[in-house]
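Analysis of the macromolecular model
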Amino acid sequence: MTQRRFKWSSIYLLLVFVILYAPILFLIVYSFNSGTTMDHFDGFTLAHYATLFADTRLIAIVLQTLLIALLSALIATTIGTLGALWIQQTSRPFFKNSLLSFNNILIVSPDVIIGASFLIFFTTLSIPLGFTSVLISHTAFSIPIVVLMVLPRLKELNGSMLDAAADLGATQSQTLRDVIIPFITPGIFAGFFMALTYSLDDFAVTFFVTGNGFSTLSVEIYSRARQGISLEINALSGLLFVLTLVLIVGYYIVSQSSQRRLLRKKRGVNR
Amino acid sequence: MTQRHFTSWTYYVPYGLWVGLFVIAPVGLIIYQSFLDLHHHFTLANYQAYFESGTYLMMTVNSIWWAFLITLFTLLISYPAAYYIHQLKHRQLWLLLTILPTWINLLLKAYAFIGIFSQAGVVNQFLSLFGIGPQQILFTNFSFVFVATYIQIPFMILPIYNALDDLSGSYINASHDLGATNWQTFSKVVWPLTLPGVKAGVQAVFIPSLSLFMLTRLIGGNKVITLGTAIEEHFLTTMNWGMGSTIGVVLIVAMVLIMIITGERRQDRGRVR
């Protein structure tokens, strides 16, 4: 009986995974289609990739998107890490909980609300819409996720390590630089990575605050998709899929190796 | 325990500024803007229009209904999936494979469905084999709910999986030892103990589903109007920011209500323990 149930569950899971991946594979397969639609596969071609690489406007947008993602992730990681330090250090529970609640507001808010309220904000302060407003917005909505990634590491930080540092005469900034930061580095990296994906993934907020001249990849795909099928977008998704895979495998290897190091340490203690 | 201060207060200025400028100020501004008319005069007319004209209320009810359907279907598909993934041997890898599609840009996935659901698309070719002929699939309510569910599934699987992971296997063994059937074990032990995960998933799916304006445009063919669609329309097309903000405030209220509904259980559990 157990074997039969196992079989059903495998079929179910297989179905779920097929549905999850079918649209993505579908996109990539048709990026090699020599026709112009996603209806019939006429033959193999790399023409759409050639068009993609010749499309300087699109390449400029890709570079802009990457620049925004990297810059916003860097700034957000810095501010978010400092924020996590603050939240961890506050002694009054009420203040701590309020800070945490404020931190989480932007995580649970729908994108449209963030976009609309930021648009009002930028217009009120007459900050021009474009690169600056998009960069500020991406930084702003990435900060809370960095805080949430760094906080657990800070909680694990052993108090006696800080005492030892203080006993050995370390100043505040030395303790921060030589004890705390190295210990929470995995959390900081996870936060940076999450901020990066948040920025690359965002459409709605950018759509609100981008103005006329500036565009990111998501906004560009949206406006092209509204005009109908163009296999150049398929070629783009093929490239992005490969890029994503590389990023994830890289992240997986980094996190696995740090986990293994942790495990080894634990095992060492047990022996 | 003595409080350690390993940083001086100047380190906190950036984060404090962020809270003030990008958390508190925008919410305040959207509430303030909801009381302004097109000429920036203070007015309650937006709220009056919202509550008196049936269209806004109907739109809100519809939006909540669609979000409910999306959440329901997502949950029905995701719970068994999370349950079975958790029983697999290389479950971490499978979990990663579940999350992987979320890293593909949402717009690209929506765009894929424009091709799949089109008049001459794959689904219609398949249907034609059975003589059901080309059907209008794209730009229908069905396609909107389908694509939204598709996009949300990983966000539901993840918290449920985590809840299952937290569940100690000894509870299940104990339940079986005490003579419970598989179904009893599930309904009396597994389900109640994974409910926090389900609630977290519902939270993660329901709130964004109220505001998926890009899907209503690309897939729903403007037939489905969600709260998000209405806000986008008022802000970027008709430029009536006051009314857009009013709907925004409604969306914020809806969000807070959902958080209260899905959050209260945690306190209950704390009290019982």
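It should be emphasised that the depicted structure is a prediction, and the values quoted were computed from it without experimental measurement. (Residues numbered from 1 in each chain as written. Chains lettered and ligands numbered in written order. Predicted model: local features only at pLDDT ≥ 70, side-chain atom pairs only at ≥ 80, totals over all residues.)

1. A look at the overall build of chain A
Regarding its fold elements, chain A presents eleven helices and zero strands. Scanning chain A from its N terminus toward the C terminus, one meets helices and strands in the order α-α-α-α-α-α-α-α-α-α-α. In terms of overall dimensions, chain A is more spread out than a globule: its C-alpha atoms have a radius of gyration of 23 Å, far above the 18 Å expected for 271 residues. Across its three principal axes, chain A shows a C-alpha extent of roughly 75 × 65 × 35 Å. Per-residue burial over chain A gives 38% buried out of 271 residues. (Helix = DSSP H or I, 4+ residues; strand = E, 2+ residues; numbered from the N terminus. Rg over C-alpha atoms; globule rule 2.2 N^0.38 Å. Buried ≥ 20, exposed ≤ 12 C-beta atoms within 10 Å, placed from the backbone.)

2. Describing the overall build of chain B
When its secondary structure is counted, chain B shows twelve helices and zero strands. Of the regular secondary structure in chain B, the N- to C-terminal order runs α-α-α-α-α-α-α-α-α-α-α-α. Considered along the principal axes of its C-alpha atoms, chain B spans approximately 75 × 70 × 35 Å. Expressed as a percentage of its 273 residues, the buried residues of chain B come to 42%. In chain B, the proportion of contacts linking residues at least 24 apart, taken out of those at least 6 apart, comes to 68%. (Contact = placed C-beta atoms within 7 Å.)

3. Quick word on the interface of chain A and chain B
Accessible area lost on assembly of the parts is the figure often given for the size of an interface. Listed by partner, the interface residues are 63 residues for chain A and 67 residues for chain B. Examining the composition of the side of chain A that touches chain B, we find that 13 residues originate from one element, helix α1 (residues 2–30) of chain A, more than from any other. Classifying every residue of the side of chain A that touches chain B gives 46 nonpolar, 13 polar and four charged. (Nonpolar A, V, L, I, M, F, W, Y, C, P; charged D, E, K, R; others polar.)

4. A look at the UniProt feature "transmembrane region" (unreviewed entry) in chain B
Mapped onto the present numbering, the UniProt feature "transmembrane region" (unreviewed entry) falls on residues 12–32, 64–86, 93–117, 137–161 and 239–261 of chain B. Annotated as residues 137–161 of chain B, this span is 84% helix and 0% strand, and its ends, taken at the C-alpha atoms, are 33 Å apart. (UniProt positions renumbered as here; feature names shortened; annotations may be inferred.)

5. Some remarks on the environment of Pro101 of chain B
With respect to the helices and strands, Pro101 of chain B occurs in the loop between α4 (91–99) and α5 (106–116). Of the residues examined, Pro101 of chain B has 21 C-beta atoms within 10 Å and is grouped as buried. Sequence-wise, Pro101 of chain B and Ile153 of chain B are 52 residues apart; in three dimensions their C-alpha atoms are separated by 9.9 Å. Dropping the residues within four chain positions of it, Pro101 of chain B is found in contact with Leu20, Tyr21 and Ile24 of chain A together with Pro154 of chain B.

6. Let's talk about the UniProt feature "domain: ABC transmembrane type-1" (unreviewed entry) in chain A
In the numbering used here, UniProt assigns the feature "domain: ABC transmembrane type-1" (unreviewed entry) to residues 62–254 of chain A. Measuring from the first to the last C-alpha atom of residues 62–254 of chain A gives 26 Å, for a span that is 84% helix and 0% strand.

7. Describing the nonpolar core
The tendency in soluble globular proteins is for nonpolar side chains to be buried side by side. With 135 residues, the main nonpolar core has Leu107, Ala110, Met214 and Leu251 of chain B as its most contacted residues. Broken down by element, the residue count for this core peaks at 13 residues, all from helix α7 (residues 141–166) of chain B. (Core = buried A, V, L, I, M, F, W, Y, C linked by C-beta atoms within 7 Å.)

8. Re the UniProt feature "transmembrane region" (unreviewed entry) in chain A
UniProt's entry tags residues 12–32, 58–87, 99–123, 129–151, 179–198 and 235–254 of chain A with the feature "transmembrane region" (unreviewed entry), counted in the numbering of this structure. Overall, residues 129–151 of chain A shows 91% helix and 0% strand. The separation of its end C-alpha atoms is 33 Å.

9. Some words on the UniProt feature "domain: ABC transmembrane type-1" (unreviewed entry) in chain B
The residues that UniProt annotates with the feature "domain: ABC transmembrane type-1" (unreviewed entry) are residues 60–262 of chain B. With 78% helix and 0% strand, residues 60–262 of chain B has its two end C-alpha atoms placed 20 Å apart.

10. Comments concerning the packing of helix α3 (residues 54–87) of chain B against α7 of chain B
All names here are of chain B. Interaxial distance between α3 and α7 falls to 7 Å at its minimum, and their mutual angle equals 45°. Judged by the inter-axis angle, α3 sits oblique to α7. Where α3 crosses over α7, the handedness of that crossing is right-handed. (Axes fitted to C-alpha atoms, helices over the stretch in contact; angles between N-to-C directions. Parallel < 35°, antiparallel > 145°, perpendicular 65-115°, else oblique. Left-handed = near helix turned anticlockwise from the far one by under 90°.)

11. Here's the deal with unusual backbone geometry
All names here are of chain B. A positive phi angle, close to 65°, is found at Phe139, a residue other than glycine. Tracing the backbone shows Phe139 in the loop between α6 (122–129) and α7. On the neighbour-count criterion, Phe139 (18 C-beta atoms within 10 Å) is partly exposed. Here Asn222, not a glycine, exhibits a phi torsion of approximately 60°, which is positive.

12. Quick look at the packing of α3 of chain B against helix α9 (residues 182–209) of chain B
Residues and elements named next belong to chain B. In contact at an axis separation of 9 Å, α3 and α9 are set at 140° when each is read in the N-to-C sense. Our classification of the angle between α3 and α9 gives oblique. For the pair α3 and α9, the crossing hand works out as right-handed. Mapping the contact onto sequence places Trp66, Ala67, Ile70, Thr71, Thr74, Leu75 and Ser78 in α3 and Val198, Gly201, Val202, Val205, Phe206 and Ser209 in α9. Its residues assigned to classes, the contact of α3 with α9 comprises eight nonpolar, five polar and no charged.

13. Some thoughts on the environment of Phe35 of chain B
Mapped onto the elements, Phe35 of chain B comes out in the loop between α1 (13–33) and α2 (45–52). Non-local contacts of Phe35 of chain B, meaning those with residues more than four positions away in its chain, are made with Phe42, Thr43 and Leu44 of chain B.

14. Here's the deal with the environment of Ser223 of chain A
For Ser223 of chain A, the location among the structural elements is in helix α10 (residues 217–226). Spatially, the C-alpha atoms of Ser223 of chain A and Thr132 of chain A are 21 Å apart, while their sequence positions differ by 91 residues.

15. Observations regarding α5 of chain B
Counting buried positions along α5 of chain B gives eleven out of eleven residues, so the element sits mostly inside the fold. Among the residues of α5 of chain B, those classed as buried are Leu106, Leu107, Leu108, Lys109, Ala110, Tyr111, Ala112, Phe113, Ile114, Gly115 and Ile116 of chain B.

16. As for the confidence of the model for chain B
All names here are of chain B. Chain-level statistics for chain B give a pLDDT mean of 87 and a share of 93% at 70 or above. The secondary structure element of chain B with the lowest average pLDDT is helix α12 (residues 241–272), at 77, and the one with the highest is α3, at 94. Overall, residues 265–273 carries pLDDT values under 50, and its contacts beyond four positions in sequence, including any with other chains, amount to four contacts. (pLDDT = per-residue confidence, 0-100.)

17. Quick notes on the confidence of the model for chain A
Per-residue pLDDT for chain A averages 87, and the proportion of residues at 70 or more is 93%. Here helix α11 (residues 231–270) of chain A stands out as the least confident element of chain A, with mean pLDDT 77; helix α9 (residues 204–209) of chain A is the most confident, with 95.

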